[in-house]
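Given next are the chains, with one letter for each unit.
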Amino acid sequence: MNEPTLAKTYDPKSIEANWYDTWLDSGHFACEPDSTATPYAVMMPPPNVTGSLHMGHALTFTLQDLLIRYHRMAGRDVLWQPGTDHAGIATQMVVERQLAAQNIDRRDLGRDAFIEKVWEWKAESGGTIHKQLRRLGASADWQRDRFTMDEELSNAVVKTFVQMHREGLIYRDKRLVNWDPKLLTAISDLEVEQIEQKSFMWHLKYRIEGTENEYISIATTRPETMLGDGAVAVNPADERYQHLIGRMAILPLSGRPIPIIADDYAKINKGSGAVKITPAHDFNDFEVGRRHNLPLINLMTATATMESISEIPTKYQGLDRYDARREILTDLAAEGMVEREEILENVVPHGDRSGVVIEPWLLDQWYVNAEKLAEPAIKAVEEGRTTFVPERWNKTYFEWMRNIQPWCISRQLWWGHRIPAWYGPDKHIFVEASELEAQAAAAEHYGQSVELTRDNDVLDTWFSSGLWPFSTLGWPEQTNELKRYYPGDVLVTGFDIIFFWVARMMMMGIHFMDGEVPFREVYIHALVRDEKGQKMSKSKGNVLDPLELIDQYGADSLRFTLAAMAAQGRDIKMSTTRLEGYRNFTTKIWNACRFLQMNGCTNTASVNPIKVKEPVNRWIVSEYNDAIKKTTTAIELYRFNEAADALYYFVWNSYCNWYVELIKPSLNGEDIAAAAETRATASAILSGTLRLLHPFMPFLTEELNRKIFVNENLLIADHWPKPVDVNHGDAVAELRFLIHLITEIRHIRAEMNVPLSAKPLLYVRGMNELHERSIFNQKAALLRLARLSNVNIVEGFAKGSARGSVDGLEFGLQLSEILDSNAEADRLRKEIRSLRAEIEKISRKLDNPKFAAKAPKTVVEKNRRRRDKENTRLKTLIKALDRLE
């Protein structure tokens, strides 16, 4: 059967969808729980069901798929567990907006009917991101797809909550939460966006009780909260206020006395050294209030209007918080209690979805004793049972875990896992797995049947996500999958959710899985930013859409770009220029394969790489061996950029640029045995290279494997190449020297502007045995690739020779009959003078303080880059002149 000739150009669009369908139909995405192979498990971080693919997704899922495809080829039984998160707030907002467009309010529908609408939306639109992941080539085990609201996973959530409540790890408490007054729910810290903005700081005076003219000064950006002050705090070491500690200050406008307390929270050198303490409206103040048993005065309603309570004067009651601020400031100024105001830049917390300022609000909520759960999770990392890559993220993990606060797990939403708690007539709480069990518990408690009211709140999304590594495997049932694939081998994720997700999985996994960690390694990748290093955002107009990039450049080009730029600990500065470069790489591979196919190098007999005789073949076998070792080691160490670099260098440089060029004459030469060996070697190395490239470029490699090798077997299920034990050192040294020599000759030709058609004579002197063997064994290749007429051994170099040296060999190109050496030297001197003047001009500008102060940073940077470029050019010209003199 003859293979069809490859098309002249590679068109990703024409093949990607077909290959993905082929993989799906093959069943190779699926794990094999009954296999005798060593398992390899990766839990896919479940994207929000509302989500669409963005560049962060593209990075994390590319790296995960790369690992999955590599380990699948390495013979492991691979599970890449996919799924989506129900995304409480995000999903509820999407459906509420759809209903609002029809003039329907969810409250008019009622809870059950609204939830039905959400499920309808999920059925129609909830699979978008998984379809998009297929465009990227993600080879997840889709038949095991999970959703955090699936019945089995929901049962796991209920069991977890009930058990933790009985263990005293879940409890109800009145504490401050991040309250969103628009969405009317508590939100997690991850859902709070800290926005820097211009604000005002007001310096206010509180009169000391029992005096008429003695005051203590405090500063605040939120004067509307002063009505809830419980104290004024000063540092116990602050000598200025020693006489006031224990006395009372009079709260302006309300006339309520509050104590002056000593607490280290007040800093001597910050402001006046005295701070107002409002325990119900500031997280730090709440802790101070608990230490000193201060009253908790909740000033606001759920919608951030002022409460109707005795602590608030009537005129402010019912006002919006900002209207109240204006009124309070006006009245304080009228009483002479405003010392001054100043403008400052500060960070204000906003809801990332609502866009409104978040209010620290005192509320009865459900909490997890995170401090207790954190202890074994900290120990697991200390003991190395779970390791972070890069290791420096250990510090971040420990810092968060050792300072962990109670975890608020209740949300005032309808969509999500409803809290399995019921309230009796006297508000006694019954936490049970079902309403029937709650009624039975209540009957036993009260001695009769009573009416129960279920808690309206749902659980924080991170609660169910924390169970992901084991709930997706069937827990609480002791399934074969749970026994085989827990713990997972690695979790791949971004650093922004180490605390929110990684820490919670560690705590929950260790607690419910008999002390076993959920994953052995955590690979933390960086962020994808724009080409200038700025965070991508719609407002900046710098967002790159991965689907558009796939349409334009192909999935493989995007995947390889992301892998090549994924250096540990370094953010990715994504640019279309890099994408274009790696698209050219796919083109390079395609063209090389097409040439080899047309020259009979893709359908030949197998070859033993240990026994090849031709130096060029022995050299490429050795280079291929090195590429296998470097790529394998780099992937195992999560050094994806090094793996990509090793492959790029081998394919582009060693194989395409040199090997293919070096073997062209022998393919049609008179030595039939050498030609046959070369064809077989070129074919074998190309076949292995496609396997090495497959985890990075799955679509392209499958297409080439099928088209040029007429191979019905799929690369996705092929074996990962292993290096062979060869000793081709003499051939490697010979070819490497030849390549260095040709490269240096080409540099000289470019520097000296030698025409391509010219074929100068090469003079050499000082040859050792390797130089001589390389030059004369590979003379035909040297003359052809360096465009030379001949090689002569000499004792000295004639005038008009452009000289150089490589690995101890001195050589000269005889250019006297090609170039006028004097005229060329004059040209070089003239260009050098011009360049030096230009560099000096740019340097004067950059050294001018006024220019540095007034010019935009982009202009300054542009001038720096230009100077660097001119300096590089200057060095090249000076080197070229030295060759002539």
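So, here is what we can say about the structure in this document. What you see is a predicted model; the values in this text were computed from it and never measured.

Regarding the pairing of strand β29 (residues 809-814)
Then, in step 1: Counting buried positions along β29 gives 5 out of 6 residues, so the element sits mostly inside the fold.
Then, in step 2: Where strand β26 (residues 761-765) meets β29, 5 bridges bridge the pair, whose relative direction is antiparallel. Looking across to β29, one finds that V764 is bridged to F811.
Then, in step 3: Two successive antiparallel strands, strand β28 (residues 801-806) and β29, enclose a turn made up of 2 residues, where D807 displays a positive phi of approximately 50°.

Looking at the pattern of salt bridges
Then, in step 1: For the coordinates displayed, the defined rule picks out 46 salt bridges.
Then, in step 2: A salt bridge links E224 to R222; the nearest nitrogen and oxygen atoms lie 3.6 Å apart.
Then, in step 3: On the basis of relative accessibility, which here comes to 1%, the residue E224 falls in the buried class.
Then, in step 4: Notably, a salt bridge pairs D571 with R529, separated by 2.7 Å at the nearest N-O pair. Within this pair, whereas D571 is found in the loop between α18 (555-564) and β25 (572-573), its partner R529 is found in strand β24 (residues 528-529), the two being separated by 42 residues in sequence.

Points about the packing of aromatic side chains
Then, in step 1: By the definition in use, this model includes 36 aromatic pairs.
Then, in step 2: Arranged with centres 5.3 Å apart and planes meeting at 10°, the rings of W393 and F495 form a pair that is stacked. Of this pair, W393 sits in helix α11 (residues 393-402) while F495 sits in the loop between β22 (488-494) and α16 (498-512), and the two are 102 residues apart along the sequence.
Then, in step 3: F495 gets classed as partly exposed once you look at its relative accessible area, which sits at 26%.
Then, in step 4: Measuring from centroid to centroid gives 6.1 Å for Y624 and F650, while their planes differ by 40°, and the two rings are tilted. Of this pair, Y624 sits in helix α20 (residues 615-636) while F650 sits in helix α21 (residues 640-667), placing them 26 residues apart in sequence.
Then, in step 5: You can call Y624 buried: its relative accessible area is 11%.
Then, in step 6: Its relative accessible area of 2% is what places F650 among the buried residues.
Then, in step 7: Members of the aromatic cluster, each reached through a chain of ring pairs, are F560, Y582, F585, Y648, W652 and F696.
Then, in step 8: Cation over ring: K122 sits above F147, and NZ or CZ is 4.3 Å from the ring centre.

Describing a negative patch on the surface
Then, in step 1: A contiguous patch of negative charge, built from D112, E116, E120 and E124, is present on the exposed surface.
Then, in step 2: A relative accessible area of 66% means that E124 is categorised as exposed.

Some points on the nonpolar core
Then, in step 1: Grouped together as the largest cluster of nonpolar side chains are 139 residues, with contacts concentrated most on M574, W619, Y655, F696 and L782.
Then, in step 2: The greatest single-element share of this core, amounting to 14 residues, is contributed by α21.
Then, in step 3: Among all residues touching L782, those that are not within four sequence positions of it are L738, L741, I742, I745, L762, I775, R787, L788 and V791.
Then, in step 4: Listed in part, the 64 residues of the second largest apolar core include L373, F398, I498 and V502.

With respect to the state of the cysteines
Then, in step 1: On inspection of all chains with the given rule, the structure shows 0 disulfides.
Then, in step 2: Among the cysteines around C593, which has no disulfide bond, C656 carries the closest sulfur, lying 7.5 Å off.
Then, in step 3: With no disulfide of its own, C601 lies closest to C593 among cysteine sulfurs, the gap being 11 Å.
Then, in step 4: According to the relative accessible area criterion, C601 is buried, its value standing at 0%.

Quick look at helix α5 (residues 111-125)
Then, in step 1: Between the first and last C-alpha of α5 there are 21 Å, a value that for 15 residues agrees with the 21 Å anticipated at 1.5 Å per step.
Then, in step 2: Among all positions of α5, only R111, F114, V118 and W121 are buried. Burial along α5 is one-sided: seen end-on, the buried residues are contained in an arc of 80°. Opposite the buried face of α5, by more than 90 degrees, sit the exposed residues D112, E116, A123 and E124.
Then, in step 3: Here the buried face of α5 lies against α3 (88-100), α4 (106-109) and β21 (458-459).

Examining the sheet that holds β28
Then, in step 1: Taken together, 4 strands build an open sheet; the order of strands is β27-β26-β29-β28 and the sheet is mixed. Taken across any chain shown, the strands that pair with only one partner, and hence form the sheet edges, are β27 (790-793) and β28. Taken over all neighbouring pairs, the strand axes of this sheet differ in orientation by 25° on average, direction set aside.
Then, in step 2: Its contacts with the sheet place helix α24 (residues 729-751) against β26, β28 and β29, and it is angled at close to 40° to β29.

Regarding unusual backbone geometry
Then, in step 1: Looking along the chain, the bond that leaves V389 and enters P390 is cis, with omega of -5°.
Then, in step 2: On the secondary structure map, P390 appears in the loop between β15 (387-389) and α11.
Then, in step 3: The residue after W475, namely P476, is reached through a cis peptide bond having omega 15°.
Then, in step 4: One can find P476 in the loop between α14 (468-471) and α15 (480-485).
Then, in step 5: One non-glycine residue, K427, lies in the positive phi region at around 70°.
Then, in step 6: Residue K427 is classed as exposed on the basis of its relative accessible area of 63%.
Then, in step 7: Even without being glycine, Y638 reaches a positive phi, approximately 60°.
Then, in step 8: On the secondary structure map, Y638 appears in the loop between α20 and α21.
Then, in step 9: Y638 gets classed as buried once you look at its relative accessible area, which sits at 5%.

Some words on the environment of T479
Then, in step 1: Within the element layout of this structure, T479 appears in the loop between α14 and α15.
Then, in step 2: Placed 189 residues apart in sequence, T479 and N668 show a C-alpha to C-alpha distance of 62 Å.
Then, in step 3: For T479, the contacting residues outside a window of four places in its chain are L473 and G474.

What to know about the sheet that holds strand β16 (residues 407-408)
Then, in step 1: Taken together, 4 strands build an open sheet; the order of strands is β6-β5-β14-β16 and the sheet is antiparallel. Strand pairing shows two members of the sheet lacking a second neighbour, β6 (185-187) and β16, which therefore form its edges.

Brief notes about the packing of α24 against helix α25 (residues 769-777)
Then, in step 1: In contact at an axis separation of 9 Å, α24 and α25 are set at 75° when each is read in the N-to-C sense. Taken together, the axis directions place α24 and α25 in an arrangement best described as roughly perpendicular. When α24 is examined against α25, the residues D730, A733, E734, F737, L738 and L741 are found in contact with a partner set consisting of L770, H771, R773, S774, I775 and N777.
Then, in step 2: A class-by-class count of the residues in the contact of α24 with α25 yields 6 nonpolar, 3 polar and 3 charged.

Some remarks on the side chain of D141
Then, in step 1: Mapped onto the elements, D141 comes out in the loop between α6 (128-136) and β4 (146-147).
Then, in step 2: Of the side chains bearing the opposite charge, R144 lies closest to the buried D141, which forms no salt bridge; the N-O distance is 4.5 Å.
Then, in step 3: Residue contacts for D141: discarding those within four places in its chain leaves F29, A30, C31, L79, W80 and P82.

Cut-offs and rules
- Residues numbered from 1 in each chain as written.
- Predicted model: local features only at pLDDT ≥ 70, side-chain atom pairs only at ≥ 80, totals over all residues.
- Heavy atoms only, no water.
- Buried < 20%, exposed > 50% of the residue type's maximum accessible area, 1.4 Å probe, protein only.
- Helix = DSSP H or I, 4+ residues; strand = E, 2+ residues; numbered from the N terminus.
- Pairing = 2+ DSSP bridges.
- Salt bridge = Lys/Arg side-chain N within 4 Å of Asp/Glu carboxyl O.
- Phe/Tyr/Trp six-rings, centres within 6.5 Å; stacked < 30°, edge-to-face > 60°.
- Lys NZ or Arg CZ within 6 Å of the ring centre and 35° of its normal.
- Patch = residues over 30% accessible without salt bridge, like charges linked within 9 Å, V, L, I, M, F, W, Y side chains within 5 Å.
- Areas by Shrake-Rupley, 256 points an atom, 1.4 Å probe, with all protein chains shown as cover.
- Lys, Arg positive; Asp, Glu negative; His and termini not counted.
- Charge placed at Lys NZ, Arg CZ, Asp CG, Glu CD.
- Core = buried A, V, L, I, M, F, W, Y, C linked by side-chain atoms within 4.5 Å.
- Contact = heavy atoms within 4.5 Å.
- Disulfide = S-S within 2.5 Å.
- Expected span 1.5 Å × (residues − 1).
- Arc of directions from axis to C-beta.
- Axes fitted to C-alpha atoms, helices over the stretch in contact; angles between N-to-C directions.
- Parallel < 35°, antiparallel > 145°, perpendicular 65-115°, else oblique.
- Nonpolar A, V, L, I, M, F, W, Y, C, P; charged D, E, K, R; others polar.

By themselves, these are just geometric observations and shouldn't be taken as functional.
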